[in-house]
Amino acid sequence: MATIFAGGTILTVNAADETVRADLRIEGKLISAVGPAGTLDRPGDHVVDCADTLIMPGLVNVHTHAGTAFFRGLADDKPREFWSAYAVPGQERFTVDDYVRSAGAAAAEFLLHGTTCIADRLGFMDRIAPALEASGIRAVVGHTLSDAKGPADWATAERVIERFGTNPERRVHAGLAPHALDSCSDALLTECARRSAAQGCRIFIHVAQSEAEVAAIRVRGYGGALDCLVRNGLATPTTVAAHGIYLTDEEIEAWPRHGVPIAHCPASNLKIEARTLAIHRLIGKVPIGLGTDWTVTNNAMDMLSEARLAALVGKMLADDPTVLTVRQMLRMLTIDGARALGLGHMIGSVEAGKRADLLVLDLNRLDSTPHHDFGSNVIYAMGARAVRDVWVDGECLVQRGRLTRGDEATLAQNNRTLGSPRQ
Ligand SMILES: [Zn+2]
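A quick note: this is a predicted structure, and the numbers were derived from the prediction, not measured. (Residues numbered from 1 in each chain as written. Predicted model: local features only at pLDDT ≥ 70, side-chain atom pairs only at ≥ 80, totals over all residues. Heavy atoms only, no water.)

**Focus: the layout of surface pockets**
Roughly 570 Å³ of volume is contained in the largest pocket. In terms of lining, the largest pocket is formed by 22 residues, of which the most central are Y86, L122, G123, T144 and H179. Counting only elements with at least two residues in the lining of the largest pocket, the list comes to β9 (115-122) and β10 (138-145). Split by residue class, the lining of the largest pocket holds seven nonpolar, 11 polar and four charged. Its volume calculated, the second largest pocket comes out at about 260 Å³. Put simply, the parts of the chain that give the lining of the second largest pocket at least two residues each are α5 (211-219) and α8 (266-273). The dominant element in the lining of the second largest pocket, judged by the number of residues it contributes, is α5, at three residues. Each residue belonging to the lining of the second largest pocket can be placed in one class, and the counts come to six nonpolar, six polar and six charged. (1 Å grid on protein atoms, 1.4 Å probe; cavity = no way out; pocket = protein on both sides within 12 Å on 5 of 7 lines; lining within 4 Å. Points joined across faces, edges and corners; volume = space filled by probe spheres on them. Helix = DSSP H or I, 4+ residues; strand = E, 2+ residues; numbered from the N terminus. Nonpolar A, V, L, I, M, F, W, Y, C, P; charged D, E, K, R; others polar.)

As structure tokens, this is what we get:
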């Protein structure tokens, strides 16, 4: 039995950025056909009424820390120095079990806001990743590595890779996640490069996130963050660099030669450093996806608001309102994020042969109307409230605004009781 999405409008985000009135046929995990309304269903098929909806690829969030959902609201309006230790007052009361529950709550929140795929990293990933898997969300996961923790971290990272594998065909699969250029020695960074090449997995790392980080890299004899990536074998299309706030003009100029994908986190960047990367200089040259980062530095898990912020702040930085177009932002939310994660062949657009990772948006809302330009509405007006259904791998995970694998009210109650101060 197949599932038919009938009567909707599809924002395909294909190579030609076509928007079409068409039905979708989903068989198993895959979109098997896109065709004229009423032509794809056969007796016995399950038909989903998509009249007055916009169907688009699920959103791809390329930099998250789902295990920190309980941290939300612990630190706002702090000076730059505050963030260097990654120590948020109050976080010490959380146990590993709390991180696991946090991850489940975050995955649900991502799904309810239209995100179908995340690149997630933190410590305790051997415990967190199963919670992400239970939610049904697509995820590439990495256990954070740094010199401070040493061999124990490698053992955990290896367990995660053994359990989930590095094959992107799997809904949850593993990468390597060295923490940052200043908290990882050259030996650790080169070992990550070696293992990434041997195992065919991606590397996820924070890059040029603070002035202190760049200063520490220079003390080690590097010209800057890019030089450090290059000389440790990490300046490749399989490394995803998050933030890039303190990349110099020269580094931005040279960056495309190495093809390193960027995880752009505008809300987090602005909240912790009051500045962000000028992505108009890199767009179209390397894959750029959007990331919501962790809940103390953003604090939302809402990719549609992230895209709007990225576009508007990016225009300001460029001093040019014509840059970062609606079309480019739609691609950043979907196919470009997928490409950054090495998943562009599987997800990120609505096309026959791709996985059925789909978002169904309600077009009958005040903020969804009128319909002069669907993409413009998505980037600048609709917001996550318009999310009706969310599918991953042909499975419905949000139906009419409700989770199918969990209960939002129960998760919110957990956030309140377990995430709040304890005696
Ligand atoms: Zn981060």
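The structure having been displayed, the exposition proceeds.
**Overview of the sheet that holds strand β1 (residues 3-6)**
Strand order in the open sheet formed by four strands is β5-β4-β1-β6, with mixed pairing between adjacent strands. Lying at the two open borders of the sheet, with one neighbouring strand each, are β5 (30-35) and β6 (46-49). With strand direction ignored, the average angle separating the axes of adjacent strands in the sheet is 20 degrees. Here five bridges tie strand β4 (residues 23-27) to β5, and the two strands are oriented antiparallel to one another. Within the sheet, the bridge partner assigned to L24 lies in β5 and is V34. (Pairing = 2+ DSSP bridges. Axes fitted to C-alpha atoms, helices over the stretch in contact; angles between N-to-C directions.)

**Side note on the coordination of the zinc ion**
Coordination of the zinc ion by the protein involves H63 (NE2), H65 (NE2), H206 (NE2) and D293 (OD), with metal-donor separations of 2.1 to 2.5 Å. For the zinc ion, the four donor atoms in the first shell make angles of 79 to 170 degrees at the metal, so the coordination geometry reads as irregular. (Donors = N, O, S within 2.8 Å, 3.2 Å for Na, K, Ca; no water. Tetrahedral: all angles 85-135°; square planar, octahedral: opposite > 155°, others 65-115°.)

**So, the environment of L397**
Within the fold, L397 resides in strand β19 (residues 395-399). For L397, a relative accessible area of 1% puts it in the buried group. For the pair L397 and S135, spaced 262 residues apart in sequence, the C-alpha separation works out to 8.3 Å. Those residues in contact with L397, other than ones at most four positions away along the chain, are L111, S135, G136, I137, R171, V390, W391, V392, R402, L403, T404 and R405. (Buried < 20%, exposed > 50% of the residue type's maximum accessible area, 1.4 Å probe, protein only. Contact = heavy atoms within 4.5 Å.)

**Thoughts on the pairing of strand β7 (residues 53-57)**
Side chains on a regular strand alternate between the two faces of the sheet. β7 sits mainly inside the fold: five of its five residues count as buried. Relative to β7, strand β2 (residues 9-11) runs parallel, the two being bridged by two bridges. From the neighbouring strand, T9 faces β7, where its bridge partner is L54. Here β7 runs beside strand β17 (residues 358-362); their pairing, made up of five bridges, is antiparallel. Bridge pairing links T53 to D362 in β17.

**A few points about empty space enclosed by the protein**
Inspection of the entire model under this criterion finds two cavities of 30 Å³ or more. Here the largest cavity is characterised by a volume of approximately 50 Å³. Lining the largest cavity, in full, are V62, H63, A119, D120, R121, F204, I205, V240, A242 and A263. In this structure, the second largest cavity occupies an estimated 40 Å³ of space. A per-class count over the lining of the second largest cavity returns five nonpolar, four polar and one charged.

**Topic: the nonpolar core**
L132, V141, L181, V207, W255, L361 and V378 are the most contacted members of the largest nonpolar core, which has 107 residues in total. Sort the elements by how many residues they give to this core and helix α1 (residues 96-112) lands first, with nine residues. Every residue in contact with W255, bar those within four places of it in the chain, is listed here: V207, L226, L229, A241, L247, V260, I262, L282 and V286. (Core = buried A, V, L, I, M, F, W, Y, C linked by side-chain atoms within 4.5 Å.)

**Regarding the packing of aromatic side chains**
The tally for this structure, following the rule as stated, stands at seven aromatic pairs. Judged by centre distance (5.1 Å) and plane angle (70 degrees), the ring pair of F5 and W391 falls under edge-to-face. Taken together, the residues span a long stretch of sequence, with F5 in strand β1 and W391 in strand β18 (residues 387-392) at a distance of 386 residues. Of the two residues examined, F5 and W391, each falls in the buried class. Over the ring of F82 we find K78; its NZ or CZ atom is 5.4 Å from the centre of that ring. (Phe/Tyr/Trp six-rings, centres within 6.5 Å; stacked < 30°, edge-to-face > 60°. Lys NZ or Arg CZ within 6 Å of the ring centre and 35° of its normal.)

**Remarks on the packing of helix α3 (residues 151-164) against helix α4 (residues 186-199)**
It is at 14 Å that the axes of α3 and α4 come closest, and there the two elements cross at 15 degrees. As far as their axial angle goes, α4 and α3 are roughly parallel. Here α3 and α4 pass one another in a crossing that is right-handed. Where α3 abuts α4, its residues W154, E158 and I161 lie against L188, E191, C192, R195 and Q199. Looking at side-chain class alone, the contact of α3 with α4 contains four nonpolar, one polar and three charged residues. (Parallel < 35°, antiparallel > 145°, perpendicular 65-115°, else oblique. Left-handed = near helix turned anticlockwise from the far one by under 90°.)

**A look at the pattern of salt bridges**
Going through the model one piece at a time under the given rule, you end up with 29 salt bridges. Across the salt bridge formed by D249 and R281, the nearest N and O atoms sit 3.0 Å from each other. Of the two residues, D249 sits in helix α7 (residues 249-254) while R281 sits in the loop between α8 and β16 (288-290), which places them 32 residues apart along the sequence. Across the pair R385 and D367 runs a salt bridge whose closest N-O atoms are separated by 3.3 Å. On the criterion of sequence distance, the pair formed by R385 in the loop between α12 (374-382) and β18 and D367 in the loop between β17 and α12 is long-range, its members being 18 residues apart. Here the salt bridges share partners, and the residues they tie into one network are R138, E169, R171, R355, D357, D393, E395 and R405. (Salt bridge = Lys/Arg side-chain N within 4 Å of Asp/Glu carboxyl O.)

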